[in-house]
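Observations on the model geometry
Here are the chains, one letter per residue:
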Amino acid sequence: MSTYGYIRVSSADQNEDRQLVAMRGLNVYGSRLFIDKQSGKSFDRPSYIKLVKKLKMGDLLYIKSIDRLGRNYEEIQNQWRKITKEIGADIAVIDMPLLDTRLHKDLMGTFIADLVLQVLSFVAQNERENIRQRQAEGIAAAKARGVRFGRPPKEPPRNFGELVARWERKQLSIEEILSLCNMKETTFYKRLGEYRLIQQIKRKPTS
């Protein structure tokens, strides 16, 4: 029997130290640790895939909490079933002692563990959806305040008006003016429209 640990953080800049400390306390380290720095919404993760291929009947897998395994309710259920039923390995969730398949081999114990798993899996997915909703609401509120997201707009060169005049007199081709402005064609026409609008406003007589 071999013992393994699985650690997951949602992105490369997040810290996995808390999970590492828990694993080391159980004497799980080195090549027996599989770490992914990736979102939990999908199980298509390099280290997790390697781990599942390595697991054999009678092996033991530790995870710190159920959301480290994943955040998709249905997929958590499927992966749990695959590891414990199809492969025949055990899973122990460190933060939830009830979710330790070594301790629940009788019918009632299995029923309780399955029930707890379903509840926690639902909570994990629900939290992910709440986070996504809060992010969407935050972005919408920021846009309403005038906050801009993404790359800053490409500013035209200082001699844009002169270049436009030469282009309009057919002294420059579209390819030449795009190169001189360092712009894509869609950006150029957008800036051209803004430039012409500003010129019209400047020429408009004031009352």
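Please refer to the structure higher up on the page.
Here's what I pulled together on the structure shown here. These numbers come from a predicted model, not from an experiment.

What follows covers the pattern of salt bridges. Scanning the entire structure with this criterion turns up 7 salt bridges. Residue aspartate 100 pairs with arginine 102 through a salt bridge whose shortest N-O separation is 2.7 Å. Overall, the relative accessible area of 8% leaves aspartate 100 in the buried class. The residue arginine 196 makes a salt bridge to glutamate 168 at a minimum N-O spacing of 2.8 Å. In this pair, arginine 196 sits in helix 8 (residues 185-203) while glutamate 168 sits in helix 6 (residues 160-168), placing the two residues 28 residues apart along the sequence. Residue classification places arginine 196 among the partly exposed positions, given a relative accessible area of 37%. Take glutamate 168: its relative accessible area is 45%, and that puts it in the partly exposed class.

Before going further, it helps to examine the pairing of strand 4 (residues 90-93). Both faces of strand 4 are covered, namely the face carrying Asp90 and Ala92 and the face carrying Ile91 and Val93. As judged from the 4 bridges shared by strand 3 (residues 60-63) and strand 4, these two strands associate in the parallel manner. Looking across to strand 4, one finds that leucine 60 is bridged to aspartate 90.

As a further point, take the packing of helix 6 against helix 7 (residues 174-181). Helix 7 packs onto helix 6 with a crossing angle of 170 degrees between their chain directions and a minimal axis gap of 10 Å. Compared by their axis directions, helix 6 and helix 7 come out roughly antiparallel. For the pair formed by helix 6 and helix 7, the contact residues are Phe160, Leu163, Val164 and Trp167 on the first element and Ile174, Ile177, Leu180 and Cys181 on the second. Among the residues making up the contact of helix 6 with helix 7, the classes are represented as 8 nonpolar, no polar and no charged.

On to the packing of aromatic side chains. For the structure on display, the rule yields 8 aromatic pairs. An aromatic cluster is built from Phe160, Trp167, Phe188, Tyr189 and Tyr195, whose rings are joined through pairwise contacts. Seen from the ring of tyrosine 29, arginine 32 lies directly overhead, with NZ or CZ sitting 5.6 Å from the centre. Here arginine 45 stacks its cationic end above the ring of phenylalanine 43, 4.5 Å away from the centre of that ring.

With that out of the way, let us pick up the nonpolar core. Ranked by size, the top nonpolar core spans 20 residues in total, and within it Tyr48, Leu51, Leu55, Leu61, Ile63 and Leu69 carry the most contacts. Elements with a contribution of two residues or more to this core: strand 1 (3-9), helix 2 (46-54), strand 3, helix 3 (66-69), helix 4 (73-87) and strand 4. In terms of residue count, helix 4 provides more of this core than any other element does, 4 residues in total. Non-local contacts of leucine 69, meaning those with residues more than four positions away in its chain, are made with Tyr6, Phe43, Arg45, Tyr48, Ile63, Ile76 and Trp80. In this structure, Val164, Trp167, Met183 and Phe188 belong to the second largest nonpolar core, which totals 11 residues.

Calculation criteria
Residues numbered from 1 in each chain as written. Predicted model: local features only at pLDDT ≥ 70, side-chain atom pairs only at ≥ 80, totals over all residues. Heavy atoms only, no water. Salt bridge = Lys/Arg side-chain N within 4 Å of Asp/Glu carboxyl O. Buried < 20%, exposed > 50% of the residue type's maximum accessible area, 1.4 Å probe, protein only. Helix = DSSP H or I, 4+ residues; strand = E, 2+ residues; numbered from the N terminus. Pairing = 2+ DSSP bridges. Axes fitted to C-alpha atoms, helices over the stretch in contact; angles between N-to-C directions. Parallel < 35°, antiparallel > 145°, perpendicular 65-115°, else oblique. Contact = heavy atoms within 4.5 Å. Nonpolar A, V, L, I, M, F, W, Y, C, P; charged D, E, K, R; others polar. Phe/Tyr/Trp six-rings, centres within 6.5 Å; stacked < 30°, edge-to-face > 60°. Lys NZ or Arg CZ within 6 Å of the ring centre and 35° of its normal. Core = buried A, V, L, I, M, F, W, Y, C linked by side-chain atoms within 4.5 Å.

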